[in-house]
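So you can see what is in the structure, the chains are spelled out below.
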Amino acid sequence: KRRQDFAPTSRKAPWIAKVDWDSCHNVPEMLHREVEAFVRYMSPTEVEEEIRGLVIILVSNAITNAFPDAQILPFGSYETKLYLPNGDIDLMIKSESMAYSDKVNVLRTLANVIKRARIASKVTIIAKAKVPIIKFVTVYGRLNVDISINQGNGVVAGDIVNGFLNGMRGCGFALRSLVIIAKAFLNQRAMNEVYTGGLGSYSIVCMAVSFLQMHPKIRRGEIDAEKNLGVLVMEFFELYGCYFNYEEVGISVRNGGSYFSKRQRGWYDFAKRNHLSIEDPTDPSNDISKGSYGIAKVRQTLAGAHGIMTSMAFLRAGILGARKEGRTYSLRGHREPEDMSILSSI
Amino acid sequence: KTCPNRFSHSRLAADMIDCCDRCSSKVHKMNECPTLWRIYQYVADEDRVKIMQTREEKKKLGFGKGSEGYIASELYCYNCGNPGHLGDDCDEVAFVFDIPAEPSAFSLHNIMSGPFYDPTS
Ligand SMILES: [Zn+2]
Ligand SMILES: [Zn+2]
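Just to check I follow, could you spell out the overall build of chain A for this structure?
Summing up its helical and strand segments, chain A has 12 helices and nine strands in all. Taking all 346 residues of chain A together, the buried fraction comes to 58%. When the accessible area of chain A is evaluated, it comes to approximately 14400 Å², of which 51% is carbon and sulfur surface.

What should I look at first to understand the coordination of the zinc ion (ligand 1) in this one?
A four-donor tetrahedral metal ideally has 109.5 degree angles, and a six-donor octahedral metal ideally has angles of 90 or 180 degrees. All names here are of chain B. Taken together, Cys20 (SG), Cys23 (SG), His28 (NE2) and Cys33 (SG) make up the full set of protein donors to the zinc ion (ligand 1), lying 2.0 to 2.3 Å away. Taken together, the four donor atoms coordinating the zinc ion (ligand 1) span angles of 105 to 118 degrees at the metal, a pattern that classifies the geometry as tetrahedral. All donors to the zinc ion (ligand 1) come from one chain, and their sequence spacing reads C-x2-C-x4-H-x4-C. Classification of Cys23 as partly exposed rests on a relative accessible area of 29%. Overall, His28 belongs to the buried group, its relative accessible area being 7%.

Please clarify how the confidence of the model for chain B should be interpreted in this entry.
As a general rule, the predicted coordinates of low-pLDDT regions are not to be interpreted in detail. All names here are of chain B. Here chain B averages 83 in pLDDT, while 84% of its residues score no lower than 70. At the low end of the mean pLDDT range in chain B sits helix H1 (residues 9–18), at 53; at the high end sits helix H3 (residues 108–112), at 94. Scored below 50 in pLDDT, residues 5–9 makes four contacts in the model with residues more than four places away or belonging to other chains.

What's the story with the coordination of the zinc ion (ligand 2) in this structure? I'm lost.
Ligation of the zinc ion (ligand 2) by protein atoms is provided by Cys77(B) (SG), Cys80(B) (SG), His85(B) (NE2) and Cys90(B) (SG), these donors lying 2.0 to 2.3 Å from the ion. Viewed at the metal, the four donor atoms of the zinc ion (ligand 2) are separated by angles of 104 to 115 degrees, and the geometry they form is tetrahedral.

Where do I start with the sheet that holds strand S4 (residues 133–137) of chain A in this structure?
The strands making up a sheet associate through backbone hydrogen bonding, with each pair oriented either parallel or antiparallel. Residue and element names in this part refer to chain A. With respect to topology, five strands assemble into an open sheet ordered S1-S2-S5-S4-S3, the strand pairing being mixed. Of all strands in the sheet, those bounded by a partner on one side alone are strand S1 (71–75) and strand S3 (123–126). This sheet shows a mean twist of 25 degrees between the axes of neighbouring strands, independent of strand direction. Along the sheet, helix H2 (residues 46–66) makes contact with S1, strand S2 (89–94), S4 and strand S5 (144–149), crossing S2 at roughly 30 degrees. Contacting S2, S3, S4 and S5, helix H5 (residues 103–116) crosses the sheet at an angle of about 170 degrees to S3.

Would you mind going over the interface of chain B and chain A with me for this structure?
It is common to give the size of an interface as the accessible area lost on bringing the parts into contact. The interface is formed by 52 residues belonging to chain B together with 55 residues belonging to chain A. Area buried by chain B at its contact with chain A is led by Trp37(B), Phe63(B) and Phe97(B), which between them contribute 18% of it. Linking chain B with chain A are two salt bridges. Between Arg38(B) and Glu235(A) there is a salt bridge whose closest N-O contact spans 2.8 Å. At the boundary of chain B with chain A, the tally comes to 17 residue pairs in polar contact (both at pLDDT 80 or more). Secondary structure elements with two or more residues in the side of chain B that touches chain A: helix H2 (45–60) and H3 of chain B.

Rules behind the numbers
- Residues numbered from 1 in each chain as written.
- Chains lettered and ligands numbered in written order.
- Predicted model: local features only at pLDDT ≥ 70, side-chain atom pairs only at ≥ 80, totals over all residues.
- Heavy atoms only, no water.
- Helix = DSSP H or I, 4+ residues; strand = E, 2+ residues; numbered from the N terminus.
- Buried < 20%, exposed > 50% of the residue type's maximum accessible area, 1.4 Å probe, protein only.
- Areas by Shrake-Rupley, 256 points an atom, 1.4 Å probe, with all protein chains shown as cover.
- Donors = N, O, S within 2.8 Å, 3.2 Å for Na, K, Ca; no water.
- Tetrahedral: all angles 85-135°; square planar, octahedral: opposite > 155°, others 65-115°.
- pLDDT = per-residue confidence, 0-100.
- Contact = heavy atoms within 4.5 Å.
- Pairing = 2+ DSSP bridges.
- Axes fitted to C-alpha atoms, helices over the stretch in contact; angles between N-to-C directions.
- Buried area = accessible area lost by both parts, 1.4 Å probe.
- Salt bridge = Lys/Arg side-chain N within 4 Å of Asp/Glu carboxyl O.
- Polar contact = N/O pair within 3.5 Å; in protein donor to acceptor, adjacent residues only side chain to side chain.

Encoded structure:
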């Protein structure tokens, strides 16, 4: 499971080291196994979890020394373990005294606290965003940390995401897989931060939950999502890259999942008409993704990935067909194993 | 259509070029057929019954207390947001982005494929 345990058989796609392609009968089966391997490879190791835990303790101690009434709560991907190896740590401070002080001053003081405690040498203050934060990279562990103040529902949201991860029968690992792959994909293209117009972690999770809820084969109970990871990953990129109508349709993951018409709900804003709308699971009056102004670019990139994945799939199908006719014996034999990887191509 | 030469060699050959051998679509060739990758691993009949039962039980639990595991059954449209049909089959709102040249996962076509489709219901 540990990343360092993998022999460097492939630098481009190290996760495929243990994938058994030879026994696969079709393309989605191959991709299914690759997705499983990729998600295991990208999921946090014990060491990584420990380092993150330590960083959180260091930051908490430094802040409570300066603000005794402050409570530091990790939320988002730390709690749900849906973070990438280089993923941010999101912390939220709950504090009465900070609530009554000027936000920018509080952020400046916090930045100084972090610097004086030698947790980071440089701290960036982003005061103008919808949710003002400070950002820094820790000296120990080189981790990105975002801290926001008194942002109520982040912690509840983590519980709800955990509810989806554990409660959706046959879908938990599928949800984890879609989120990890979508995150890794968007992260590579710097499209996963809300303050630069990308998709935030919470939006990605809700899109994945909604995709699984709304998929006709899952909705009708015909398939176990966990046994169909390959085809579902391709259809996830297909839906949000090619067909989902961001202008008209909003997403709700409450009550078993539904879509709604943005116009009928009064969430249609002509100036921002092509923005994604996701109803906040903890507060139906709040739209969690309206800050993602770069969604058109995200959509195009997802569509591009879907195009590459389908052409790779057709190529693989051709190779599988040739193997059946005895023209090639082993997919591993005289080919580079990473040639069979679909995920490394996107 | 009643042309006596309709099964002539040239006619057959022309059809073979036009049609996909796997799904007889005229939009793509056989080596680019979506049925090469849109393949599902279906559950057994009794598992499907169980899946639907556990969902109904989860529905009763409160949100944040277990009902997250519930999945509703009504189909919704990704194009207009309304229930009752799937996005590919929408005729309520014009398509803004790609008009599906071929059925996606969210189509009647997809529902009608697979072992659970019952044409009488
Ligand atoms: Zn075809
Ligand atoms: Zn529609």
